[in-house]
Amino acid sequence: MSRGIKEVFNILIASVGGQGGLTLSRTIAIAAVSEGFSVRTGETLGMSQRFGSVTSFVRMGPQNAVMSPTFSEGMAHVMVGLELTESVRNLRYLSEGGKILAADTVKPPITASVGTARMPSKDELVGALTSVDPEAVIVPARKIAYDVGNPRAVNMVMLGVFNRIFGILSDDAVINAILTLLPGRRGETSVAAYKAGIKWAEENKVVQG
Amino acid sequence: MAGVRGLPERINPLKAPAGARLALMGNEAIARGAVESGIYVVTGYPGTPSSEVIMTLQRFGKDLDMYVEWAVNEKVAFELALGASIGGARSLVTMKAPGVNIASDPILSAAYCGVDGALVMLAADDPGPITTQTEQDDRWFSKLAKLPTITPSNPQEAKDYVKVAVMLSEKLQLPVILRTTTRVNHTVGDVVLGATEPPRKFKGFKRDPPRFVRAGMRWNLERHKWLNKQLEKVEGILNELGISINEVHGDGDVCVVTEGVTYNYVTEALNLLGVKEGVRVLKVGQLYPPPREFLKKGLRGCRKAVVVEELDPYLEEAVKTLLYDEGINIDIHGKHDSLLPMEGELNVLMVAKALTRVIGVPLPKTLQVSRETPALPPRPPPLCPGCPHRASYIAILKGMSKAGFRRDEVPIFGDIGCYALSVEPPLNAIWTEHSMGASISMAAGMKLGGNDKPVIATIGDSTFFHSGIPALLEAVHKRINMLVIILDNTVVAMTGHQSTPSWSVTETGRKAKPVLLEDVVKALGVDNLAIIDPFDVDDMANVVAQYLRKPGVNVIIARAPCALMKVRAEGVKAVYRVDPEACIGCMACIRGTGCPAMYVDESGKAAIIEEDCTGCGLCAYFCPRDAIKEVRHE
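Residues numbered from 1 in each chain as written. Chains lettered and ligands numbered in written order. Predicted model: local features only at pLDDT ≥ 70, side-chain atom pairs only at ≥ 80, totals over all residues. Heavy atoms only, no water.

1. Quick look at the overall build of chain B
Selection rule: Only runs of H or I of at least four residues qualify as helices and only runs of E of at least two qualify as strands under DSSP, and these elements are numbered from the N terminus. Atoms counted for the radius of gyration: C-alpha only. Globule rule: 2.2 Å times the number of residues to the power 0.38. Residue contacts are defined here by distance: any two heavy atoms, one from each residue, within 4.5 Å place the two residues in contact. Accessible surface is estimated by sampling points in the Shrake-Rupley manner with a 1.4 Å probe; for residues, cover comes only from the protein chains shown. Positive: Lys, Arg. Negative: Asp, Glu. His and the chain ends are not part of the count. Think of each charge as sitting on NZ of Lys, CZ of Arg, CG of Asp or CD of Glu.
When helices and strands are counted, chain B shows 23 helices and 23 strands. By the compact-globule yardstick of 26 Å for 634 residues, chain B fits well, its C-alpha radius of gyration being 27 Å. Within chain B, contacts between residues separated by at least 24 positions form 78% of all contacts whose residues are at least 6 apart in sequence. Within the structure as shown, chain B displays about 24700 Å² of accessible surface, and the carbon and sulfur contribution to it stands at 53%. When the 71 basic and 73 acidic side-chain charges of chain B are each reduced to a single mean position, those positions are 4 Å apart.

As structure tokens, then:
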């Protein structure tokens, strides 16, 4: 069911270190290459991966069309957020008419907990997203992941929602990529989370076109 | 952690057949490049963004008949590689930019003796900077060291250029630097694999003092002349070998000279601007010496030129020098006229904006998006839940006050490692973080300068092995009164859990002799030594207080394994839970620990994210009402 793309497609993944943002970007990259696309990802590895803000750039397109590992503000066709604060933080990357898919998880940063900075409420965060994309898809991803037995697989739930809406990659390619990256039981529950994400998207009629 | 965990299990990037097309990170591609180029000895010291080259070779290349091991520091690593290469073996040594500084002594002399087997040195720069203390531009280092240097622009070239570097190195008999930037090292891209080559090992070593003994000044003068002659051959050799790492794209009388990852930004920026003709792009792969013939030919007929590069105007100055020598006077734009910044990394939009000013086309409206986002609490990287460094710094600060000192009168010198994150609230612990090992020597220096209050140096175990030993020796020998705390989590944690000299088996399964920190510290002759588990906060605080008042060089080894490593090896055995009935919302737990597994819930009470908790119990230590309880997993 791969729909394919004719031009470069830019995905911004916003997450908190440890949530699996890097695994998500790598999964998409592996699936995209197996589908014959050219890919580039731009990651921030090293110091900020654990509980810091993590922004991943994923780009795919026809062979030789993708060159830069990053893209600039206003150039993301879609933003996949694994956490609401980080989704709002990265809104500047979204293009005009860009789509927002965000998990409804909120992880208050330490700066908010120790009282040095004010933490917006969940409603404020969702409001910031819907003011940019009125059709922003807010996904109860942790609950869905928890229900399939892997509360850490929020990233894979979001991948399911993303791919059901955009249909760029075939399900086989995505599932193979997941199992390539995550062997054993973690792989199985991740595939289950991916499928649960697809199912949620279908049941909630967030599918375009 | 660093990306290797994310690699395919079923597809081995080092063993996949030639022609296979894989999604590889730049550093994984370099690792494959080593296998395709017959490299035998691979060594280095961990440092972002260079670490995954060795990690990939260690994980996927166990039965490949290669030596792939971390060294104690970059200087030693380079010398290991040099020793292998003067004996005819092919070697690769990897390091981040500040590591190049540490290795600079042997690197500069290596240009004089040269090599027989190829020696490729990966120097990974970090414009941004994303994870590095300085934004140093190592292209200048190539010029200083007089070593041929090439640079890739994407993961495919990162792999291919290892082979180019090997060929160049053996033709010239010189070490060759492969200079990368983070956006090549850490970018995943589609890479088509080539054929592998059997590793080249020791061939022989002939005694040749004029070449290998730097004590003879006449020999050094002769070798310097030899070196300069070799450098003149670089461009010619690449042409002879039919290797085109310098390319011209498009045609026109406006020229863009660029290199590395910025080539991608230039190409995409021109597409965005809709510029299809009139612009000639010169992509330079040969950084040092600059390819004069290529540039001369490529710039012929140019009306004006813009040099697009990150950090310093290195290529810009090379282009200007060349045009001056040729008697050509055209406008050159770049850094000197402030068209592009000398700091930070570039991106497509920045390059597009710069090009609009040179080419005279407008920026498309679609690129002029600006969005207001509400004020958000920043999320700097904290110490992980369960991190032993948190406990150590809590004990240090406590011990300081027990000894009767205010926090603002005893400086805590920090060093390079995760524990530098203790600089953030709520710990606000370290006062400095400078260079590997500098905590000890700078603290000692402050005492020498006349500070009569105590000073504390805090340094990680691997950083101590790397560069702390000579500093501690100096402090002991000069009888400086100071407290040194070695934060021993038994691993190089920040860069992705690499081995230290205290391990008995390395990542590749090689049996190693464990060198114990306490043996080294004792042998250096320190006055007092205590080994403590930092999670016994009160015990450690007492020793800190006692040592702060005792003259001499006093050392505490605060020993507890990295929490991430421990959880991966053993799983989480217990977590902590807040009893909302008992919690009075005083937030002593959160303010005391700054643990990222904790937050303030809607009712204003402390709460713990159970899947992030690793059960260290520090939060419970701070709770005045005993409201935080351990919950053991069955």
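2. Things to note about the packing of aromatic side chains
Residues and elements named next belong to chain B. In plain terms, the rule: Whether two aromatic rings pair depends on their centres lying within 6.5 Å, for rings of Phe, Tyr and Trp, where Trp uses its six-membered ring; planes under 30 degrees apart make the pair stacked, over 60 edge-to-face, and the rest tilted. Relative accessibility decides the category of a residue: with a 1.4 Å probe and only protein chains considered, values under 20% of the type maximum give buried, values over 50% give exposed, and everything between is partly exposed. Definition used: whenever NZ (Lys) or CZ (Arg) falls within 6 Å of the ring centre and also within 35 degrees of the ring normal, the charge is taken to sit over that ring.
Under the defined criterion, the tally for this structure stands at 10 aromatic pairs over all chains. Taking 5.2 Å as the distance between ring centres and 75° as the angle between the ring planes, the aromatic pair formed by tryptophan 140 and tyrosine 314 counts as edge-to-face. Of this pair, tryptophan 140 sits in helix α6 (residues 138–145) while tyrosine 314 sits in helix α14 (residues 314–325), and the two are 174 residues apart along the sequence. On the basis of relative accessibility, which here comes to 3%, the residue tyrosine 314 falls in the buried class. The ring of tryptophan 226 carries the charged tip of arginine 223 above its face, separated from the ring centre by 4.0 Å. Of note, lysine 283 hangs over the ring of tyrosine 263, and the distance from its end group to the ring centre comes to 5.2 Å.

3. Examining the pattern of salt bridges
Which entries qualify depends on this criterion: Definition used for salt bridges: Asp or Glu carboxyl oxygen within 4 Å of a side-chain nitrogen of Lys or Arg.
Counted by the stated rule, this structure contains 56 salt bridges over all chains. In this structure, the salt-bridge partner of arginine 59 of chain A is glutamate 268 of chain B, at a minimum N-O distance of 2.8 Å. Of this pair, arginine 59 of chain A sits in strand β3 (residues 53–61) while glutamate 268 of chain B sits in helix α12 (residues 262–273), placing the two residues on different chains. Here arginine 59 of chain A matches glutamate 268 of chain B in class, with each residue buried. Between glutamate 203 of chain A and lysine 199 of chain A there is a salt bridge, with its nearest N and O atoms 3.7 Å apart. One end of the pair, glutamate 203 of chain A, and the other, lysine 199 of chain A, are both in helix α8 (residues 184–203), 4 residues apart, so they sit about a helical turn from each other. With respect to burial, glutamate 203 of chain A and lysine 199 of chain A carry one shared label: exposed. Among the ionic contacts, a cluster of salt bridges with common partners joins Asp125, Asp137, Arg139, Arg179, Glu259 and Glu309 of chain B.

4. Regarding the nonpolar core
Residue and element names in this part refer to chain B. As a reminder of what qualifies: Put simply, buried Ala, Val, Leu, Ile, Met, Phe, Trp, Tyr and Cys residues joined by side-chain atoms within 4.5 Å make one nonpolar core. Here the limits of each domain have been adopted from an automatic or database domain assignment.
Ranked by internal contacts, the top residues of the largest apolar core, which has 128 residues, are Leu57, Phe78, Ile107, Met121, Val257, Leu295 and Leu299. Both domains that meet at this core, namely domain 1 (3–240) and domain 2 (247–363), each give it at least three residues. In this structure leucine 299 touches Cys255, Val257, Arg280, Leu282, Ala305, Val319, Leu322 and Leu323, once residues within four positions along its chain are discounted. Core analysis: the second largest hydrophobic core is formed by 60 residues, Ala420, Leu517, Val537 and Ile556 among them.

5. Some thoughts on unusual backbone geometry
Residues and elements named next belong to chain B. In the segment running from glycine 128 into proline 129, the intervening peptide bond is cis, with an omega of -25°. Look at the link from proline 425 to proline 426: it is a cis peptide, with omega at 5°. For proline 426, the location among the structural elements is in the loop between β15 (412–413) and α17 (438–448). Here the phi dihedral of lysine 146 falls at roughly 55°; this positive angle occurs in a residue that is not glycine. By secondary structure assignment, the location of lysine 146 is in the loop between α6 and β6 (149–150). The phi torsion at methionine 587 lies on the positive side, around 65°, for a residue other than glycine. Look at methionine 587 and you get buried, because its relative accessible area is 7%.

6. Side note on the domain arrangement of chain B
Residues and elements named next belong to chain B. In plain terms, the rule: A 1.4 Å probe defines the accessible area here, and the buried area is the portion of it lost by two parts on being joined, summed over both. Polar contact is defined as a pair of N or O atoms within 3.5 Å, subject to the rule that within protein one atom must be able to donate a hydrogen and the other to accept it, and that residues adjacent in sequence are counted only when both atoms are side-chain atoms.
According to the domain assignment, chain B consists of domain 1 (3–240), domain 2 (247–363), domain 3 (388–567) and domain 4 (572–632). Computed over C-alpha atoms only, the centres of domain 3 and domain 4 are separated by 28 Å. Each side of the interface is counted separately: domain 3 has 10 residues, and domain 4 has 13 residues. In this assembly, domain 3 packs against domain 4 so that about 880 Å² is buried in total across both faces, 70% of it on carbon and sulfur atoms. The largest per-residue losses of area from domain 3 upon contact with domain 4 belong to Arg390, Pro426 and Val567, which jointly make up 52% of the total buried on that side. Where domain 3 touches domain 4, the interface holds 0 salt bridges. Put simply, domain 3 and domain 4 have 3 residue pairs in polar contact (both at pLDDT 80 or more) between them.

7. Describing the state of the cysteines
Residue and element names in this part refer to chain B. We apply this condition: Criterion for a disulfide: a pair of cysteine sulfur atoms within 2.5 Å.
Enumeration according to the criterion identifies 1 disulfide over all chains in this entry. In this model cysteine 255 forms its disulfide with cysteine 302; the gap between the sulfur atoms is 1.8 Å. Of this pair, cysteine 255 sits in strand β10 (residues 254–259) while cysteine 302 sits in the loop between α13 (292–298) and β13 (304–308), placing them 47 residues apart in sequence. Sulfur of cysteine 562: no disulfide; nearest cysteine sulfur belongs to cysteine 418 and is 6.5 Å away.

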